[in-house]
Amino acid sequence: MAAASTAAFFALPANAETAAFTVANTWNGGYQGEIKVSNTSSSAITTWKVELTLPAGSSVGQAWNSTLATSGNTYTFTPAGWNATIGAGASTSFGFIVNGNGRPTSCLINGQACTGTTTPTGPTTSPSSASPSVPASPSASVSPSVPVSPSASVSPSVSVSPSTSTPPATGTPVAVNGQLKVCGTKLCNESGKVVQLKGMSTHGLQWFPNCYNDASLDVLANEWNADLFRIAMYVQEQGYETNPAAFTARVNSLVDEASERGMYAMIDFHILNPGDPAYNLERAKTFFREVSARNAAKKNVIYEIANEPNGVSWAQIKAYAEQVIPVIRANDPDAVVIVGTRGWSSLGVSEGSNSSEIVNNPVNASNVMYTFHYYAASHKDNYRAEVERAAASLPLFVTEFGTVTYTGDGAVDTASSNAWFNLLDRLQIGYANWTFSDANEGSAALKPGTCNAGTFSGTGSLTESGALLRNRLRA
């Protein structure tokens, strides 16, 4: 564990407005800085610029939620595009990784010199021996305010929320990693280390009630070593819309089951037909208001708000997300939210588009990831190439994939499945397999009749797909 950061002072004229930046996390040979720029004036500003100069031997390696330009030892941060305008009383945040231990020797905000000190806001931690990851913008509820001054008409402030605890090195996935957060293009644990969750998805809760119980979840957690349990709650297809109270209660009970075993629980609002998420907007608001209020104190809940949008534009999906996310945030400000993408969550590829539409117009919210789905026998090199390209700019999570064709049936494509596993492992992208069920289809992990018999342990009840996934998770 590294010591808390030392003070950094900008020696400038006494009448200059004040500015300070706080180090959120340190490790041997580097640290994380995060800056929140707030507009305290009575009118909007349409752009902003922060310039930091570092001493020789220290450099900014990467940044997020901003555009970084380098000139010698000076690093200029300007808007990422979507966060250029800051309304009166509003704010935006960005962060960066510094290679080296040198703190800034000078600071400019919107062209005006600033003066201030760096005061640690809590203990900082080291992301063990791994390379430092790109840490996340903190939630607003825990970020202390430290002032920064721009031009005379705008008075921004700088604040950072550091990690305040270090998870234990052993135990269940949740015990080890704690509250997750989005950090740059990765998913990180509460001490800032990149994590890759791997697990299984349910099938429709309305069709396979006997597949999800104490016995099956014990096997997933203890024999399969699954980190993640995705709870696929269909909205149509005899799902949530037929009995909202019952389906909400069932989801909450499965969240509890996952929590008892130290697994992360992904609550999937499983829209499929119709593919326009706006059709279910009011249902989504009601459902997520209830489950987020009920599970807000848990560290292991992830919200997937739109399974597979299709037949609609990215702008329509984004508009839906920006109405549902605030409902969750009102109850659970820290949880990761995952947003479905165009073309059955193919980043648009299955409808002739690509991830550029998301990169150029991301959801206006923090702690958000984007969904990608694939079926190995149908989606091959061109889909893998798009994931590789998108992962350089977007935090991705494969919330659903199959080893067979896009129909959920057919033979297992082992070669393509392994190519996908290798890509996702290299890019550190988490995934959930479709499905942990005994459906009579090639994607099912269990042979037909397994759930009624209640024989989940061992390998005798596994299909070819199930055996492949069990071996992969255990490894």
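Trainee: Describe the overall build of the protein chain, listing the residues and the values that go with them.
Mentor: When helices and strands are counted, the protein chain shows 11 helices and 21 strands. Looking at the protein chain as a whole, 57% of its 475 residues qualify as buried. Taking contacts inside the protein chain between residues at least 6 apart in sequence as the whole, the part at least 24 apart equals 77%.

Trainee: Describe the environment of L254, listing the residues and the values that go with them.
Mentor: Relative to the helices and strands, L254 is located in helix α3 (residues 244-260). Along the primary structure L254 and L217 are separated by 37 residues, whereas in three dimensions their C-alpha atoms are 9.4 Å apart.

Trainee: Describe the pairing of strand β14 (residues 198-201), and please don't skip the residues or the numbers.
Mentor: Note: β14 against strand β21 (residues 431-434), 4 bridges, orientation parallel. When the sheet's bridge partners are listed, K198 is paired in β21 with Y431. With 3 bridges connecting them, β14 and strand β15 (residues 228-234) associate as parallel partners. In the sheet register, M200 faces β15, and the bridge partner there is F229. Remark: the β14/helix α2 (residues 214-222)/β15 crossover connection has right-handed handedness.

Trainee: Account for the pairing of strand β16 (residues 264-270), with residues named and values stated.
Mentor: With 7 of 7 residues buried, β16 lies mostly within the body of the structure. Every second residue of β16 is oriented toward a common face, with Y264, M266, D268 and H270 on one face and A265, I267 and F269 on the other, all of them buried. The pairing of β15 with β16 spans 7 bridges and is parallel. Counterpart to M233 in the pairing with β16 is F269. Note that the unit made of β15, α3 and β16 has a crossover that is right-handed. Where β16 meets strand β17 (residues 301-304), 4 bridges bridge the pair, whose relative direction is parallel. Its bridge partner lying in β17, M266 is registered against I302.

Trainee: Explain the sheet that holds β14 to me, using residue names and the numbers behind them.
Mentor: With parallel pairing, 8 strands are arranged side by side around a closed barrel as β14-β15-β16-β17-β18-β19-β20-β21. Strand after strand, the sheet turns through a mean of 25° between neighbouring axes, direction not considered. Across the sheet, helix α4 (residues 281-295) touches β15, β16 and β17, and the angle it forms with β16 is around 165°. Strands β16, β17, β18 (337-339) and β19 (368-375) of the sheet are contacted by helix α5 (residues 314-331), whose axis makes an angle of about 165° with β18.

Trainee: Outline the packing of helix α9 (residues 414-427) against helix α11 (residues 464-474), listing residues and values.
Mentor: Running from N to C, α9 and α11 cross one another at 25°; their axes reach a closest spacing of 12 Å. Here α9 lies roughly parallel to α11, going by the angle between them. Note that α9 runs across α11; the crossing there is right-handed. Of the residues in α11, those in contact with T414, S417, N418, F421, N422 and D425 of α9 are E464, L468, L469 and R472.

Trainee: Could you give an account of the environment of F288, with specific residues and numbers?
Mentor: Following the sequence through the fold, F288 ends up in helix α4. You can call F288 buried: its relative accessible area is 0%. Residues F288 and I305, 17 residues apart in the sequence, show an inter-C-alpha distance of 8.3 Å. In contact with F288, not counting residues within four places along its chain, are I267, F269, Y303, E304, I305, V324, V327 and I328.

Trainee: Can you tell me about the side chain of S346, naming the residues and giving the values?
Mentor: Relative to the helices and strands, S346 is located in the loop between α6 (342-345) and α7 (356-359). By relative accessible area, which is 2% here, S346 ends up buried. Among the polar contacts made by the side chain of S346, one reaches the main-chain carbonyl oxygen of G343 at a distance of 2.7 Å. In terms of polar contacts, S346 uses its side chain to reach the backbone amide nitrogen of S350, at 2.9 Å. Not counting the four nearest positions on each side in its chain, S346 is found in contact with T341, F372 and Y383.

Trainee: Which residues make up the packing of aromatic side chains, and what are the values?
Mentor: All told, the structure shown has 18 aromatic pairs when counted by the stated rule. Each ring, one from Y374 and one from W420, has its centre 3.9 Å from the other, and the planes form 15°; the classification is stacked. Taken together, the residues Y374 in strand β19 and W420 in helix α9 connect sequence positions 46 residues apart. Considered together, Y374 and W420 belong to a single accessibility category, that of buried residues. Relative to Y431, the ring of F401 has its centre 5.3 Å away and its plane inclined at 85°; by these criteria the two rings are edge-to-face. Taken as a pair, F401 in strand β20 (residues 396-402) and Y431 in strand β21 lie far apart in primary sequence, 30 residues in all. Overall, the relative accessible area of 1% leaves F401 in the buried class. Note on Y431: relative accessible area 0%, which makes it buried. An aromatic cluster is defined as three or more aromatic residues linked by ring pairs; in this entry it consists of F372, Y374, F401, W420, F421 and Y431.

What counts and how
Residues numbered from 1 in each chain as written. Predicted model: local features only at pLDDT ≥ 70, side-chain atom pairs only at ≥ 80, totals over all residues. Heavy atoms only, no water. Helix = DSSP H or I, 4+ residues; strand = E, 2+ residues; numbered from the N terminus. Buried < 20%, exposed > 50% of the residue type's maximum accessible area, 1.4 Å probe, protein only. Contact = heavy atoms within 4.5 Å. Pairing = 2+ DSSP bridges. Right-handed = clockwise from strand over helix to strand, strands pointing away. Axes fitted to C-alpha atoms, helices over the stretch in contact; angles between N-to-C directions. Parallel < 35°, antiparallel > 145°, perpendicular 65-115°, else oblique. Left-handed = near helix turned anticlockwise from the far one by under 90°. Polar contact = N/O pair within 3.5 Å; in protein donor to acceptor, adjacent residues only side chain to side chain. Phe/Tyr/Trp six-rings, centres within 6.5 Å; stacked < 30°, edge-to-face > 60°.

Just geometry here; none of it tells us what the structure is for.
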